[in-house]
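An overview of the molecular structure
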Amino acid sequence: MNDKMEAKNHTAQNNVLKDNLKKQIDKALHPLRWGGKWRWIFTVLLYLVAIVIAYFIFIFIIIVVDYISPTLYLNDISNPNSARYLLSSLIQSQAAILAIVTTITLIAIQLAASSYSPRIIEIFFKRNIDFAILLLIYVSSIFYMAAILRIIPEIEATFQSQLPLQRRIDGALLISIFAFTLLLPYFWRTINLLKPLTIIKELSKDLTKENILQSANSDYNFKIENNPLVPIFEIIRGSCLRYDFETTRKGLKEIGDKGIGLINNNLSESETDSIILLFANELEDFGKLAVNRGDDKTAKETIIVLRSINKALVEKKNQKSVIRINASLELIGIAAIENKLLKTSQEAISSIYESGMTSIKTNPDVLEQSVLLLGDLARGGIYSNLEYPTYRAIRSIRSLGLMGVKERLERAARMALWSLELIGKTQRIYELRLREEKWEEIPQTYGWEGEIYEESVLSQGVENEISLFDEIVIAVFYVGRSSIKEKLYTVSSDAIRTLEIIGETTIKNRFDENGTAIFLGHLGIIALEADNKDLVKSSVEALKTFSIIVDADLEDTVRDTAWSLIRVGTVALQKDLNEIATSTAQILVNFPGTSRKKITIVKNSFDGSLTGIQEFKKMYLRKKVRLL
């Protein structure tokens, strides 16, 4: 075990050293990259060195050619007319190439700007030094060759005797070859620069702590104009509108990585809050845009980026920023539910749940907010008739409430119950049922030519139906049961009250399959086992309320209420809690009233095989006889 721990620590130390080395290398090479502080100077020097090297290579070739020229008779072509023709051709060709290259470049920039963002024009001319160098080399070459053309003499003998002039012509030829060769790297760099991903990476280098804080702390107009996130999102929006998902996804990932990098950059809490506010606003607006266009994949990617930023914030224990990101997740999730985008809505629910679960021990306020936001998403799912997101939200609230009880976070557990109460009071939830189809493999055997073979085949799918209302009632019961075991009796009392309110609402809405009475009885019995009379009385009082307001047409509710009262009364009598048993028996006596149907249901409820039920039945009959 110790060896494994040592190996794990050694691996972690190596990873840290590698990361530090990588950061140092990146810092050293930063001036050589796009957008580096010294990039212009470095690029110009690079071209100058290339020209000098090419010049010396060319001179060496000329010396070798001059040495062997008597054999090759190269001197015969060295005359004024051929020199003029050569230089004129080079001037015309370079001018034509310069015009064509400039035209193609401007057209490409215009097309890219119209497709993604007008800022591409500014980026190209501000950051593409290659175009300026190419223009400078071609214009200088043309003027240089024009000057040489002017001083070429008419007399051939004079021309051949002027060695410096011939070397200038050789230099013009060298510059022309260099200029023509320069087109290849220029086009490669330009095409690469005009790619949206390259532009996004270029712009992301402006996402520094200083630039973002300057924008965050300025007035509204300056903030919009100088926000370094705005030009990046303009390009991502253009990619989204063109259904270029890959560019959109990578652009969002670049923003997420930059945001996480800033969070881990030893910022103060106020600086982190200011930076996260800008990130959250832009990501939220873009997520809503994707949702409104029905782009489920892009909207989900936006949620994933917010989720990754939230993880970093939770690790830094920055409560305020986590709450802000959660708010953005909820708004995008609500919009996705309204537009019936399942992937995005489920990702938003999972992200908020994860945020609350990971903040239990560090930021209880985040847990409470997560519970409330999940409640909003669940109610939105109900109104939009989306079963699965609603189911996920209810289950998430249940898990967070149980964790709140486990960690003795009373306020968070009570908020979970309150959220479940609001969901349970929504009338439309009675109609929502989640249907799952399960397929099972069964072995089958068959014979062929005297041999027995066996194979697995899929049986017919069996549909499993889950009532979302039942999920709410079960969630409240689990939180209440757990709170009794943990002796958080305030939460237990709230659980009983929540079941009572939900049950009253279902009875008023004529919903007969609610099951709340059964779970109230369960909580009453668990309270009896915990010797908490107050909770038992609360559950009995809630069942009494049901017995008063329910009518005979809701047979299931009448039966569940009667059976729960009988169970609680029977267990109370077994524990010699005669006061509770007597009050329960009295409620059963008054329960039916004059309704024959209710009288029959209560009478039949005593036919169960519950241990000790006959003793409680005798108490009930004595009460009934006295009443008569």
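For every chain, the first residue of the written sequence is number 1, and numbering continues from 1 along that sequence. Note on the predicted model: pLDDT of at least 70 is required for a residue's local features to be given, and 80 or more for side-chain atom pairs to be given and counted; whole-chain, interface and lining totals, by contrast, use all residues. To get the side-chain values, take all heavy atoms of the structure and skip hydrogens and water.

1. Comments concerning the overall build of the protein chain
Put simply, DSSP H or I for four residues or longer makes a helix, DSSP E for two residues or longer makes a strand, and each gets a number counted from the N terminus. Helix and strand counts for the protein chain stand at 27 helices and 4 strands. Think of it in three bands: with a 1.4 Å probe and only protein chains considered, a residue is buried below 20% of the maximum accessible area for its type, exposed above 50%, and partly exposed in between. Residue burial in the protein chain is summarised as follows: out of 628 residues, 46% are buried. It only takes one pair of heavy atoms within 4.5 Å for two residues to be counted as in contact. Here the contacts in the protein chain between residues at least 6 apart in sequence split such that 75% fall between residues at least 24 apart. Residue-level accessible areas treat just the shown protein chains as cover; the underlying method is Shrake-Rupley with a 1.4 Å probe. About 32,800 Å² of surface is accessible on the protein chain, with carbon and sulfur atoms providing 56% of the total.

2. Regarding helix 13 (residues 269–292)
Note: α-helices contain 3.6 residues per turn, so residues at a spacing of three or four share the same orientation. Between the first and last residue of a helix there are one fewer steps than residues, each counted as 1.5 Å, and that sum is the expected span. With 24 residues, helix 13 extends 34 Å from end C-alpha to end C-alpha; this agrees with the ideal 34 Å at 1.5 Å per step. Gly294, located one to two residues past helix 13, shows a positive phi value of around 75°.

3. Here's the deal with the environment of Glu529
In this structure, Glu529 sits in helix 22 (residues 516–529). Spatially, the C-alpha atom of Glu529 lies 9.9 Å from that of Lys485, the residues being 44 residues apart in sequence.

4. Some details on the confidence of the model for the protein chain
Every residue gets a pLDDT, meaning the predictor's confidence in that residue, from 0 to 100. For the protein chain, per-residue confidence averages 79 on the pLDDT scale, and 76% of positions sit at 70 or higher. Long-range and interchain partners of residues 29–37, a stretch whose pLDDT sits below 50, account for 18 contacts in this model, where long-range means more than four residues apart. Here residues 72–77 scores under 50 on pLDDT; set against residues more than four positions off or in separate chains, the count is 5 contacts.

5. With respect to the environment of Leu90
Along the chain, Leu90 falls in helix 3 (residues 80–115). With 83 residues separating them in the primary sequence, Leu90 and Leu173 have C-alpha atoms 8.1 Å apart. Beyond its immediate stretch of four places on either side in the chain, Leu90 contacts Met145, Leu173, Ser176 and Phe180.

6. Remarks on unusual backbone geometry
If you check the backbone angles, Lys487 has positive phi at about 65° while not being a glycine. Lys487 sits in the exposed class, given a relative accessible area of 59%. Not every positive phi belongs to a glycine, and Asp576 is a case in point at roughly 60°. Residue position: Asp576 is located in the loop between helix 24 (555–574) and helix 25 (578–590).

7. Quick look at the packing of aromatic side chains
Aromatic rings from Phe, Tyr and Trp, with only the six-membered ring used for Trp, were paired whenever their centres fell within 6.5 Å, and each pair was classed as stacked if the ring planes differed by under 30 degrees, edge-to-face if by over 60, and tilted otherwise. Overall, the coordinates contain 5 aromatic pairs when judged by the stated rule. An angle of 35° between the planes, with centres 6.2 Å apart, marks the rings of Tyr388 and Tyr391 as tilted. Taken together, the residues span about one helical turn, with Tyr388 and Tyr391 both in helix 18 (residues 387–406) at a distance of 3 residues. For Tyr388, a relative accessible area of 33% gives the class partly exposed. Classification of Tyr391 by relative accessible area gives buried; the value is 11%. With 5.8 Å between their ring centres and 45° between their planes, Phe477 and Tyr478 make a pair best called tilted. The buried category is assigned to Phe477, whose relative accessible area is 7%. According to the relative accessible area criterion, Tyr478 is partly exposed, its value standing at 26%.

8. Section: the nonpolar core
Membership of the largest hydrophobic core comes to 130 residues, with the highest contact counts inside it found for Ile309, Ile429 and Leu588. The contact partners of Ile309, leaving out residues within four places of it in the chain, are Gly256, Ile260, Ile263, Ile276, Phe279, Leu283 and Ile325. Nonpolar core, defined: a set of buried Ala, Val, Leu, Ile, Met, Phe, Trp, Tyr and Cys residues in which side-chain atoms within 4.5 Å join the residues together. Judged by nonpolar contacts, the second largest core, of 17 residues, contains Leu98, Val101, Ile109 and Phe131.

9. What about a nonpolar patch on the surface?
Together, Leu106, Ile121 and Phe125 make up a nonpolar patch on the protein surface, roughly 260 Å² of accessible area in all. Tracing the chain through its elements places Phe125 in helix 4 (residues 119–127). Exposure remark for Phe125: the relative accessible area of 41% places this residue in the partly exposed category. Patch building starts from residues that exceed 30% relative accessible area and form no salt bridge, then joins like charges within 9 Å and nonpolar side chains (Val, Leu, Ile, Met, Phe, Trp, Tyr) within 5 Å. The salt bridge definition used is simple: a Lys or Arg side-chain nitrogen within 4 Å of an Asp or Glu carboxyl oxygen.

10. Observations regarding the side chain of Ser351
One can find Ser351 in helix 16 (residues 342–358). When its relative accessible area of 2% is taken as the criterion, Ser351 is described as buried. Polar contacts, as counted here, are pairs of nitrogen or oxygen atoms within 3.5 Å of one another; within protein the pair requires one atom able to donate a hydrogen and one able to accept it, and residues that are adjacent in sequence qualify only if both atoms are side-chain atoms. From its side chain, Ser351 meets the backbone oxygen of Glu347 in a polar contact 2.7 Å long. Sequence-distant contacts of Ser351, that is, excluding residues within four places in its chain, are made with Ile303, Arg307 and Leu329.

11. Topic: the packing of helix 21 (residues 489–508) against helix 23 (residues 533–549)
Every angle, taken between N-to-C directions, lies between 0 and 180 degrees, and every axis is a line fitted to C-alpha atoms, over only the stretch in contact when it is a helix. With their axes 10 Å apart at the nearest point, helix 21 and helix 23 run at an angle of 5° to one another. If you check the angle between helix 21 and helix 23, you find them roughly parallel. Of the residues in helix 23, those in contact with Tyr489, Ser492, Ser493, Ile496, Leu499, Glu500, Gly503, Glu504 and Ile507 of helix 21 are Leu535, Ser538, Ser539, Ala542, Thr545, Phe546 and Ile549. An angle below 35 degrees is treated as roughly parallel, one above 145 as roughly antiparallel, one from 65 to 115 as roughly perpendicular, and anything else as oblique.

12. Thoughts on the environment of Phe606
By the secondary structure assignment, Phe606 is in the loop between helix 26 (596–605) and helix 27 (613–627). Judged by its relative accessible area of 2%, Phe606 falls in the buried class. Considered as a pair, Phe606 and Lys617 are 11 residues apart in the sequence and their alpha carbons are 6.9 Å apart. Setting aside chain neighbours within four positions, we find Phe606 in contact with Ile566, Leu588, Ile613, Gln614, Phe616, Lys617 and Tyr620.

13. Details of the pattern of salt bridges
Considering all chains together, one arrives at 24 salt bridges under this definition. Residue Arg249 pairs with Glu246 through a salt bridge whose shortest N-O separation is 2.7 Å. You can see Arg249 and its partner Glu246 sitting in helix 12 (residues 245–263), 3 residues apart, about one turn around the helix. Residue classification places Arg249 among the partly exposed residues on the basis of a relative accessible area of 27%. Since its relative accessible area comes to 36%, Glu246 is described here as partly exposed. Several salt bridges converge on common partners, so that one network encompasses Arg307, Lys311, Glu347 and Glu354.

14. Description of helix 25
Here helix 25 spans 18 Å end to end across 13 residues, near enough to the 18 Å set by a 1.5 Å rise per residue. The complete set of buried residues in helix 25 reads Ile580, Ala581, Thr584, Ala585, Ile587, Leu588 and Val589.

15. Concerning the packing of helix 12 against helix 14 (residues 296–315)
Helix 14 packs onto helix 12 with a crossing angle of 10° between their chain directions and a minimal axis gap of 9 Å. Classified by the angle between their axes, helix 12 and helix 14 sit roughly parallel to one another. Touching Phe245, Thr248, Arg249, Leu252, Lys253, Gly256, Ile260 and Ile263 of helix 12 are Lys297, Thr298, Glu301, Thr302, Val305, Ser308, Ile309, Ala312 and Leu313, all from helix 14. Under this grouping Gly is polar, as are all residues other than the nonpolar Ala, Val, Leu, Ile, Met, Phe, Trp, Tyr, Cys and Pro and the charged Asp, Glu, Lys and Arg. Taken together, the residues that form the contact of helix 12 with helix 14 break down as 8 nonpolar, 5 polar and 4 charged.

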